[in-house]
Every structure is written in structure tokens, then in C-alpha cells.
Amino acid sequence: MKPAPFVHHAPTTVAEAVEVLRAVGSHGKILAGGQSLIPILSMRLASPEHLIDINGVAGLDRIEVRDDCVRVGALVRHTQLLQDESAYAALPLLRQALVHVAHPAIRNRGTTVGSLAHADAAGELPSVLALTEGVVEAVGPRGSRDIPASAFFVGPLETALAADELAVAVRFGRFPEGTRTGFAESARRSGDYALAGVALAITLQDKVIRSARASFVSVTDVPDVLDLSGAIGSYAAVPDLDAVADAVRAHVSPDTDIHATGDYRRMLVAELTRRLVTELLSR
Amino acid sequence: MTGPDVPEPLHEVTVSVNGVRHTATVPARRLLSDFLRHDLALTGTHVGCEHGVCGACTILVDGAPMRSCLMFAVQARAHELTTVEGLGTIDAMGPVQQAFSECHGLQCGFCTPGFITTITAYLEENPDPTAEEARDAISGNLCRCTGYQNIVKSVLRAAEIRASADLGAPPLIDADARAGEAPP
Ligand SMILES: Cc1cc2nc3c(=O)[nH]c(=O)nc-3n(C[C@H](O)[C@H](O)[C@H](O)COP(=O)(O)OP(=O)(O)OC[C@H]3O[C@@H](n4cnc5c(N)ncnc54)[C@H](O)[C@@H]3O)c2cc1C
Ligand code: FES
Ligand code: FES
């Protein structure tokens, strides 16, 4: 099927984009990479009257490494962030997660911020925003505001962004010194959405575990953070893997669909977490 | 709002495809894949699923593979597009096309344009892949009839052809012998 008719707006500045958003209100939709929105339009799951195409907006395509965060503009494509060496050095979790996002042809066009705005619980980036305690920078007719990850995800495919707000950038928080991170998932085919996935950050000080935190893909309605610091124990040499797996199984609430049952996903994500803990601690 | 009685607004779109400029007048909702096929009559680009999954419509946008079914024609204006028609002709096939021909990398050919564009861009960045890497490189494209073994072989053969072309030597090949070879 083909998309329904719409009016195509192509602002070239954030101010112009906000002006269009003010004028069209909830009749408009922002078009970034289109890798999630265009299929939705083609299947006629949505038929907004106006598309605000931000691909020509100047200044949104920058990646900036700061002392406490990596700031990613709304037009940074997944591929650009994946290949950025300074972002990788500052926050390896970004690349560790991005290699699992779709296929190169999708990553070349899809944006990292768009994938947060889309808020698919099966997407990798929402779990990264949660684990890094990131912040989404939003701009709209009522001004600009910062939305922390804990308030950003409202439900599956639903965020705290208002219909007339543009996310101009996201700031992924950096971890303290001594933190090891990793990302593991299981998909039926490389590049497909994961049956289950986990992002993990373990902070060590002299072989003592100071904190262990995880967030998940495809097994929770909204990405949130599970604190595993109690379950894992203190000594990096002997993590309590059974307690970690129990905590993960108790935390997640996966659904059953044609690809896997909820029980299978729960078993899978506990095992992925157990292996990832072992891998991070033996590095 | 454009109701049934109001004609849909049209946009004049000029794009550069395989180095040639083309202009057509289309509504904003025209998918780039349909623009290429219906408005420009460049039917090399195929359309399968129309939601990004099958890869048949993959073209190169400024050299990078992208799904033409997930872009609108009005968004293609500032870019240089390459379709399968731009990667060789029947008399002068590109290295990937030649490899597909030698290795029986296609059967019905429906998926082939998307494989050719994807693999061409992949080999630019990874000129000497292993069989495992070649398999991963094509994981975003679906083929429903050839089977992937010969497509993986074609990727490896294309890498060889490119390498020998880079050395200035005409590729020496025995197509029949090659096609029967086990994957390395
Ligand atoms: C075949 C296929 C496989 C995929 N596999 C994966 C996968 O494994 N993992 C994964 O995470 N993703 C996957 N994706 C989705 C891909 O990552 C998308 O690029 C991403 O989800 C959305 O980014 P986008 O820039 O394309 O956004 P768009 O499609 O343009 O927009 C998506 C939604 O977000 C809104 N939006 C976008 N940008 C903004 C903004 N700056 N401010 C406010 N609202 C905004 C839009 O209005 C729309 O509602 C896949 C897509 C395809 C087609
Ligand atoms: S037709 Fe575009 S990916 Fe299938
Ligand atoms: S050759 Fe027929 S679908 Fe691939």
C-alpha cells in the first residue's frame, strides 16, 4: 500500500520547524530517517495530514563528547554514531548496542534520536538511554525542556514528547571510571529485532563490585533499570550468577508472540545476562 | 486537508540517477522506489515488501545503500543516486554482476538488484571478506529462490574480480568450474 496524501514541510532551521509544529499541532508528524514512520504510513496505520521533514534542518547532525555525556543531534544517523571513534571511547555502550540495530541500509538513514522518539520496546537505543540515565532535549511552541530517561518512556511506542515537540538532541550519560559495559541479544536473524536483549554496566574498584545495573530489550513494556548490585555480590572473582538470573526473571514481563513465548524470552534474557556478567568480569 | 475533490498538490522533483538528471512532477507521498520505476521508467530497482524488510529496492544514495521504499522522491533532490542500471551493462558488467552470472547467484532475479547494490557498497569498504563476513553482509536482503550459498560465493568471487581489476589484469575466469566450487 501507499501513504495517504500529506503536506510536506521542509524547514531549514529549528525555529522554522517549531513554527510549523505550532501551526499544525496534532495533525503533524515529524519525519526523521523515516525507517519506522514510512512503513507505518505505507501500511496506513497512520495518515497524518502534515509531515515535518527535518532532514534539511541545519546543525542537527553533530556528535559532541562532553565530560559527563555524549550529545547526539536529531539528524545523526545510526551509522554515523556507530563509526564515531570519540563517542566509542567515551561511551563504548553506544557502539556495543548499535551493531545490533537493523541492517546497514537501515542504519544509513535511520536516526538514533528517532529511534528513541519511536520508543519501540524492541529497539536497542531506548534501553541504552535508560541505562545511561540520558536526557532528551525537546523544543516546542512552549519553549525548550530536558526530559530525563525515567520520565521519557510512558508506554510501548509512547513518550513524554508532546505532538508539537521536536527532540533536537539526546545526551547519553557517561559512566564512572572503572565501569565495564556490554550488550547482548538474541535475534532470529542478524539485524532483526531481538527476541530478548540486555545492556549491562558493572562498576569495579580494586576487584570489588561497586554497582551492577541492567536494562532490557523486548521483555519490558518500557525500558527501565534493574539494580543488580545486591544480587551480584561484592567480589568480581565470584559473582552470584544464580541470584542475578533470579533477579532478572523476576523483573521482566515478556509477552508471547509468533516468534517466541513469554516463558522462553524470560529464560533467554536471564541466560544472556548471566553470560554477559561473566564476560564483563573476565575482561 | 486534501479531500477527494481537492487535487493533491504536486512537486517538481529533479534528481540525479547514475549521473543523469531527471525531472518529474509528483505528489509528496511518491515513494522514491515508485518514482524510479513509474515516473523515470528505471525498472531495474525492484519492489517487494515496501516496508524495509526484503532489501529488493536497495539503491545507493551518495554511495551508501538505503531502501528506496523508505524515502520519498521529494527527499532525494540533493543526492546522487545509483541504481543497478548504473553498475554495469549487459556488455560491460560490473564485478558483482559478473560474479552473480558466473556463480549462479540468481534464479528468478527478483531480489538481485538489491543484492548487487548492497554488495557493491559493502566491497568498497570491505574488499576482502571471509565467507562468514559475506554471509553477514547479505543478511538484510531476502532471496526466495536461489538459496544463499551461491550468493555468498558471488560476494567472494566479486571481491576477487575487483582485486584483479585493481591490479590492472583482466579477470581470468572459468565460469563453469567456478560455479561448481564449494565455498572457501
Ligand atoms: C527492516 C527494519 C529493521 C529494523 N530493525 C531495527 C532493530 O533491530 N532495532 C531498532 O532499534 N530499530 C530497528 N529498526 C528501526 C530503525 O532503527 C529506525 O531508524 C528508528 O526506529 C527510527 O528512526 P528514524 O530516524 O527512522 O525515525 P522516523 O521513522 O522518521 O520516525 C519514527 C517516529 O519518531 C518520531 N520522531 C523521529 N524523530 C523525531 C524527533 N527528532 N523529535 C520528535 N519526534 C521524532 C516520528 O514522528 C515518528 O513517530 C528497523 C527498521 C526497519 C525498516
Ligand atoms: S521493497 Fe523496500 S525493502 Fe522490500
Ligand atoms: S533470485 Fe528469485 S528471489 Fe532471489
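Being a predicted model, the structure only gives us computed values, none of them experimental.

Enquirer: Even after reading the chapter, I still don't get the sheet that holds strand S3 (residues 58-61) of chain B, so can you show me in this structure?
Expert: Within a sheet, adjacent strands bond to each other through the backbone by hydrogen bonds, running parallel or antiparallel. Residues and elements named next belong to chain B. The strand order across the open sheet formed by five strands is S2-S1-S5-S3-S4, and the pairing between neighbours is mixed. Across the chains shown, the open sheet's two edge strands, defined by having one partner strand only, are strand S2 (20-27) and strand S4 (64-67). Across the sheet, the mean angle separating the axes of adjacent strands is 45° when strand polarity is ignored. Strand direction decides the pairing type here: S3 and S4, joined by four bridges, are antiparallel. What sits directly across from Thr58, in S4, is Arg67. The strands touched by helix H1 (residues 32-39) are strand S1 (10-17), S2, S3 and strand S5 (80-82); relative to S2, the strand with the most contacts, the crossing angle is about 110°.

Enquirer: Which parts of the structure should I look at to understand the packing of helix H3 (residues 112-125) of chain B against helix H5 (residues 149-166) of chain B?
Expert: The relative placement of two packed helices is expressed as an angle between their axes plus a distance between the axes. Residues and elements named next belong to chain B. Direction vectors running N to C along H3 and H5 enclose 50°, while the axes themselves pass 11 Å from each other. The orientation of H3 relative to H5 falls into the category oblique. Judged by the sense of rotation from one axis to the other, the crossing of H3 with H5 is right-handed. Residues Phe115, Ile119, Leu123 and Glu124 of H3 touch H5, and the partners they reach there are Ile151, Val155, Ala158, Ala159 and Arg162. Residues that form the contact of H3 with H5 fall into these classes: seven nonpolar, no polar and two charged.

Enquirer: Looking at this structure, I do not really get the side chain of Glu50 of chain B. What am I missing?
Expert: Mapped onto the elements of the fold, Glu50 of chain B is located in the loop between H1 and S3. Note on Glu50 of chain B: relative accessible area 9%, which makes it buried. A polar side-chain atom of Glu50 of chain B sits 3.5 Å from the main-chain amide nitrogen of Met1 of chain A. A polar atom in the side chain of Glu50 of chain B sits 2.5 Å from the side chain of Lys2 of chain A. Setting aside residues up to four positions removed in sequence, Glu50 of chain B forms contacts with Met1, Lys2 and Ser42 of chain A together with Leu31, Asp34 and Cys69 of chain B.

Enquirer: Quick question: what am I supposed to make of the domain arrangement of chain B here?
Expert: Accessible area lost on assembly of the parts is the figure often given for the size of an interface. All names here are of chain B. Partitioning chain B into structural domains gives domain 1 (10-86) and domain 2 (88-178). Between the C-alpha centres of domain 1 and domain 2 there is a distance of 23 Å. Counting residues at the interface gives 18 residues for domain 1 and 13 residues for domain 2. Buried surface at the junction of domain 1 and domain 2, summed over both partners, amounts to about 1100 Å²; 59% is from carbon and sulfur atoms. Seen at the junction of domain 1 and domain 2, the total is zero salt bridges. At the junction of domain 1 with domain 2, the criterion picks out five residue pairs in polar contact (both at pLDDT 80 or more).

Enquirer: Got a minute to help me understand the site of ligand 1 in this structure?
Expert: Taken together, 36 residues surround ligand 1, and among them Ile30, Gly34, Leu37, Thr111 and Glu124 of chain A come closest. Near ligand 1, the surrounding residues are drawn from chains A and B. A distance of 2.8 Å is found between an oxygen atom of ligand 1 and a backbone nitrogen or oxygen belonging to Ala32 of chain A. In this structure, Gly34 of chain A approaches ligand 1 through a main-chain N or O atom, which is 2.7 Å from an oxygen atom. Mapped by element, the contributors of at least two residues to the shell around ligand 1 are strand S2 (28-31), helix H7 (112-118) and strand S10 (166-173) of chain A. The element contributing the most residues to the shell around ligand 1 is H7 of chain A, with five residues.

Enquirer: Is there a simple way to explain the pairing of S3 of chain B in this structure?
Expert: All names here are of chain B. Side chains Thr58 and Leu60 of S3 all project onto a buried face; the interleaved residues Ile59 and Val61 project onto the opposite face, where all are buried too. Where S3 hands over to S4, the hairpin turn is made up of two residues, of which Asp62 adopts a positive phi near 50°. Here S3 pairs with S5 via two bridges, running antiparallel. In the strand pairing of S5, Leu60 is matched with Thr82.

Enquirer: Is there a simple way to think about the packing of aromatic side chains in this case?
Expert: Within a pair of aromatic rings, the relevant descriptors are the distance that separates the centres and the angle that separates the planes. Residue and element names in this part refer to chain A. Within this structure, the stated rule accounts for three aromatic pairs over all chains. Judged by centre distance (5.1 Å) and plane angle (85°), the ring pair of Phe152 and Phe153 falls under edge-to-face. When sorted by exposure, Phe152 lands in the same class as Phe153, which is buried. Over the ring of Tyr88 we find Arg95, and its NZ or CZ is 4.0 Å from the ring centre.

Criteria and cut-off values
- As a convention, each chain's residues are numbered from 1 in the sequence order in which they are written.
- Working convention: letters from A go to chains and numbers from 1 go to ligands, in the order in which they are written.
- Whole-chain, interface and lining totals are the exception, using all residues; otherwise, since this is a predicted model, local features are given only for residues with pLDDT of at least 70 and side-chain atom pairs are given and counted only at 80 or more.
- Here the side-chain values reflect all heavy atoms present in the structure, with hydrogen atoms and water set aside.
- Strands qualify as paired when DSSP identifies two bridges or more between them.
- Think of it this way: any DSSP run of H or I at least four residues long counts as a helix, any run of E at least two long counts as a strand, and we number them from the N terminus.
- An axis is simply a line fitted to the C-alpha atoms; with a helix, the fit covers only the stretch in contact. Between two such axes, the angle follows the N-to-C directions and lies from 0 to 180 degrees.
- Throughout, a residue-residue contact means that at least one pair of heavy atoms, one from each residue, lies within 4.5 Å.
- An angle counts as roughly parallel when it lies under 35 degrees, as roughly antiparallel when it exceeds 145, as roughly perpendicular when it falls between 65 and 115, and as oblique in every other case.
- Crossing handedness follows the turn of the near helix against the far one: under a right angle anticlockwise gives a left-handed crossing, and clockwise gives a right-handed one.
- All amino acids are sorted into three groups, where Ala, Val, Leu, Ile, Met, Phe, Trp, Tyr, Cys and Pro are nonpolar, Asp, Glu, Lys and Arg are charged, and the leftover types, Gly among them, are polar.
- Working definition: with a 1.4 Å probe on protein chains only, accessible area under 20% of the residue-type maximum means buried, over 50% means exposed, and in between means partly exposed.
- Here a polar contact means two N or O atoms within 3.5 Å. Within protein one must be a hydrogen donor candidate and the other an acceptor candidate, and residues neighboring in sequence count only if both atoms are side-chain atoms.
- The split of the chain into domains comes from an automatic or database domain assignment.
- Accessible surface is computed with a 1.4 Å probe, and the buried area is the amount of it that two parts give up when combined, taken over both parts together.
- Salt bridge, as applied in this entry: a Lys or Arg side-chain nitrogen positioned within 4 Å of an Asp or Glu carboxyl oxygen.
- If a single non-hydrogen atom of a residue is within 4 Å of a molecule or strand, that residue counts as near it.
- Geometry of aromatic contacts follows a simple scheme: Phe, Tyr and Trp rings, the Trp one being its six-membered ring, pair when their centres are within 6.5 Å, and the pair is stacked under 30 degrees between planes, edge-to-face over 60, tilted otherwise.
- Over a ring means this: the NZ of a Lys or the CZ of an Arg is within 6 Å of the ring centre and within 35 degrees of the ring normal.

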